[in-house]
Amino acid sequence: MANHFFARKPLEMLLDEMKGEDRLRRVLGAAGLTSLGVGAIIGTGIFVLTGVAAHDKAGPALMVSFVVAGLACVFAALCYAEFASMVPVAGSAYTYAYATLGELFAWIIGWDLVLEYAVGAATVAHGWSHYFQDFIGIKWIGLRLPEILTKAPIDYDPATGQLLGTGAFIDLPALVIAGIVTVVLVVGIKESARFNTLMVLVKLAVVLFVIVVGSFYVDPANWKPFAPYGFGGLSFFGKNVWGMTNAAGESLGVLAGAATIFFAYIGFDSVSTHSEEAKNPQRDVPIGIIASLILCTILYIAVAAVLTGMVPSHKIHIDAPVSDAFAQKGLPWAQALISLGALTGITSVLLVMMLSQPRVLLAMARDGLVPPSFFGAIHEKFRTPWKSTILTGIFVGLMGAFLPLRILAELVNIGTLLAFVIVCAAVLIMRKKYPDAPRPFRAPLVPLTPILGILTCLVLMFSLPPENWLRLVIWLMIGFAIYFGYGARHSVMSKYLKHEIATHGVSPAGSIDTEP
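Just so it is clear, the model here is predicted, and its values are computed rather than measured.

Reading guide: rules and limits
- Residues numbered from 1 in each chain as written.
- Predicted model: local features only at pLDDT ≥ 70, side-chain atom pairs only at ≥ 80, totals over all residues.
- Heavy atoms only, no water.
- 1 Å grid on protein atoms, 1.4 Å probe; cavity = no way out; pocket = protein on both sides within 12 Å on 5 of 7 lines; lining within 4 Å.
- Points joined across faces, edges and corners; volume = space filled by probe spheres on them.
- Helix = DSSP H or I, 4+ residues; strand = E, 2+ residues; numbered from the N terminus.
- Nonpolar A, V, L, I, M, F, W, Y, C, P; charged D, E, K, R; others polar.
- Polar contact = N/O pair within 3.5 Å; in protein donor to acceptor, adjacent residues only side chain to side chain.
- Contact = heavy atoms within 4.5 Å.
- Buried < 20%, exposed > 50% of the residue type's maximum accessible area, 1.4 Å probe, protein only.
- Axes fitted to C-alpha atoms, helices over the stretch in contact; angles between N-to-C directions.
- Parallel < 35°, antiparallel > 145°, perpendicular 65-115°, else oblique.
- Left-handed = near helix turned anticlockwise from the far one by under 90°.
- Salt bridge = Lys/Arg side-chain N within 4 Å of Asp/Glu carboxyl O.
- Phe/Tyr/Trp six-rings, centres within 6.5 Å; stacked < 30°, edge-to-face > 60°.

(A) Layout of empty space enclosed by the protein. Scanning the entire structure with this criterion turns up three cavities of 30 Å³ or more. Within this model, the largest cavity holds a volume of roughly 70 Å³. Surrounding the largest cavity, 10 residues form its lining, Val52, Asp56, Lys57, Arg406 and Glu410 being those nearest its centre. Sorting the residues of the lining of the largest cavity by element identifies helix H3 (44-58) and helix H16 (405-433) as the ones contributing at least two each. Considering only residue class, the lining of the largest cavity consists of four nonpolar, one polar and five charged.

(B) Region of interest: the side chain of Ser388. The residue Ser388 is located in helix H15 (residues 386-402) in this model. Of the polar contacts made by the side chain of Ser388, one reaches the backbone oxygen of Pro385; its length is 3.2 Å. With residues up to four places along the chain from it excluded, the contact list for Ser388 reads Pro358, Leu361, Phe374 and Phe375.

(C) Expanded view of unusual backbone geometry. Cis geometry marks the peptide bond from Lys224 to Pro225; its omega dihedral reads -5 degrees. Within the secondary structure layout, Pro225 lies in the loop between helix H8 (189-215) and strand S3 (234-236). The backbone of Leu445 shows a phi angle near 55 degrees, a positive value even though the residue is not glycine. Note that Leu445 resides in the loop between H16 and helix H17 (448-462).

(D) Examining the side chain of Asn468 more closely. Here Asn468 is to be found in helix H18 (residues 466-490). According to the relative accessible area criterion, Asn468 is buried, its value standing at 0%. Leaving out residues up to four positions away in the same chain, Asn468 has contacts with Glu410, Leu411 and Ile414.

(E) Here's a closer look at the packing of helix H6 (residues 103-136) against H15. The geometry of H6 relative to H15 is characterised by a closest axis approach of 8 Å and an angle of 50 degrees between their N-to-C directions. Between H6 and H15, the angle is such that the two are oblique. Crossing hand, H6 versus H15: right-handed. The segment H6 lies against H15, with Ala118, Val119, Ala121, Ala122 and His126 engaging Phe395, Val396, Met399 and Gly400. Classifying every residue of the contact of H6 with H15 gives seven nonpolar, two polar and no charged.

(F) Layout of the pattern of salt bridges. For the structure shown, the criterion picks out three salt bridges. Between Arg431 and Glu82 there is a salt bridge, and its shortest N-O distance comes to 2.8 Å. Taken together, the residues span a long stretch of sequence, with Arg431 in helix H16 and Glu82 in helix H4 (residues 62-86) at a distance of 349 residues. Neither Arg431 nor Glu82 differs from the other in exposure class; each is buried. For Glu147, the salt bridge identified is with Lys151, shortest N-O distance 3.5 Å.

(G) Region of the structure containing the packing of aromatic side chains. Tallied over the entire structure, the rule returns 17 aromatic pairs. Relative to Tyr131, the ring of Phe47 has its centre 6.1 Å away and its plane inclined at 80 degrees; by these criteria the two rings are edge-to-face. Here the residue Phe47 occupies a position in helix H3, and Tyr131 occupies one in helix H6, the gap between them amounting to 84 residues. Judged by centre distance (6.2 Å) and plane angle (40 degrees), the rings of Phe480 and Phe484 are tilted.

Pasting the structure below:
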């Protein structure tokens with residue numbers, strides 16, 4: 001009997017799924033997809049994670065960290081673009097893995113994407129909360145929330161590796177913004193995309209303001225030493241291989257900084273989850289992926305240079321680094337403007353991440369791996385996966401309200417990198433397995449491009465603190481329990497193979513490949 005755990009989903013079956021009643025509306029063009037990508041990328045990296053990475057990991061050499069992370073993303077983005085043009089359906093890396101590596105690997109990456117998008121969105125909600133508090137606390141407004149409602153009840157001290165109590169009970173703004181975005185997303189993708197495009201324009205203006213105005217307050221002395229923690233930061237399953245370490249034994253340096261800020265680049269990944277909603281996916285999705293990545297990488301490096309030039313890296317604020325840098329320079333009006341722009345920018349990041357998560361679950365529901373009556377439910381009026389959108393909002397709100405930034409940010413990074421490794425590997429497999437399949441966009445220099453993508457992402461994975469590997473293993477164990485308890489028994493592919501074997505005595509040759 002064929003082993004459906006390694007059954008690969010044919011391209012024909014993927015494309016046939018788009019003809020049913022539960023398909024999504026094609027309303028997004030190249031500009032809209034690029035806007036969604038920029039919406040996901042710009043915000044988290046610039047307004048939130050620059051503080052953590054510069055303060056804890058890399059110092060002014062954070063500029064180089066962004067180059068390293070961006071380089072890894074270029075390779076992965078080219079592979080994503082090829083797949084998105086071949087298989088323009090919802091699901092992103094999950095769908096690509098199903099077509100190339102088989103059902104079990106598809107489940108692993110789909111479950112991993114839940115970690116990537118949902119926990120990533122919780123990280124962004126946390127950052128939104130602190131910029132909101134920074135904005136209402138400026139002297140012209142002068143409002144302060146009760147201390148018990150301003151942050152998560154615990155925090156992580158990287159110097160000691162210990163969890164500490166904060167005296168607070170809940171990060172209320174993080175919970176509230178997750179609820180507001182959930183309502184917006186249930187209304188519909190077209191309305192959400194218009195809302196996102198407006199926010200992207202506002203935050204681009206603010207980012208350019210930071211670069212131009214901030215450059216007048218740069219003190220080159222703050223860039224010395226340029227790499228206080230060195231250019232290393234490579235570890236292997238928590239064992240430092242190259243570079244300095246802190247008191248908790250965690251690697252420090254440029255590579256550690258790149259691993260910390262890497263998930264801020266997942267905007268191009270989110271573009272590929274909306275392939276089914278693109279007007280001309282074979283042309284528009286590759287444009288959206290590559291254009292958003294190039295634009296945002298340039299802006300990331302520029303803002304990192306300005307931020308670390310304005311304020312010594314050890315004085316950079318962890319939760320609201322950009323606006324606080326202008327406050328330290330005695331520019332409260334600029335602080336207010338940047339905080340407002342950061343709120344806009346971070347909201348658009350939150351919107352795109354929470355928009356992408358239910359679409360991955362929708363793809364998994366179509367395959368029977370999660371209950372289709374819930375995760376596959378499409379609203380009759382809005383044509384959105386409304387039930388899973390609401391569930392995502394609850395999950396994001398609770399995690400953002402009760403877990404601190406450092407834990408959330410590092411938890412999501414390893415999941416993002418694993419997704420990129422699998423997509424790069426899948427391109428190699430598809431080029432060999434389906435050499436003549438139509439590819440409106442072809443990644444250049446294959447096999448070199450995907451191999452470099454795999455290697456650079458693995459290096460960054462190994463540069464993460466060891467507890468991230470433990471958290472990933474625990475998360476995957478939970479996922480396996482769900483898969484073998486529900487998904488494997490309700491799999492559409494499993495039922496199809498059983499039917500073919502019962503009818504013909506063998507699975508259809510050339511249609512379903514069950515070789516691992």
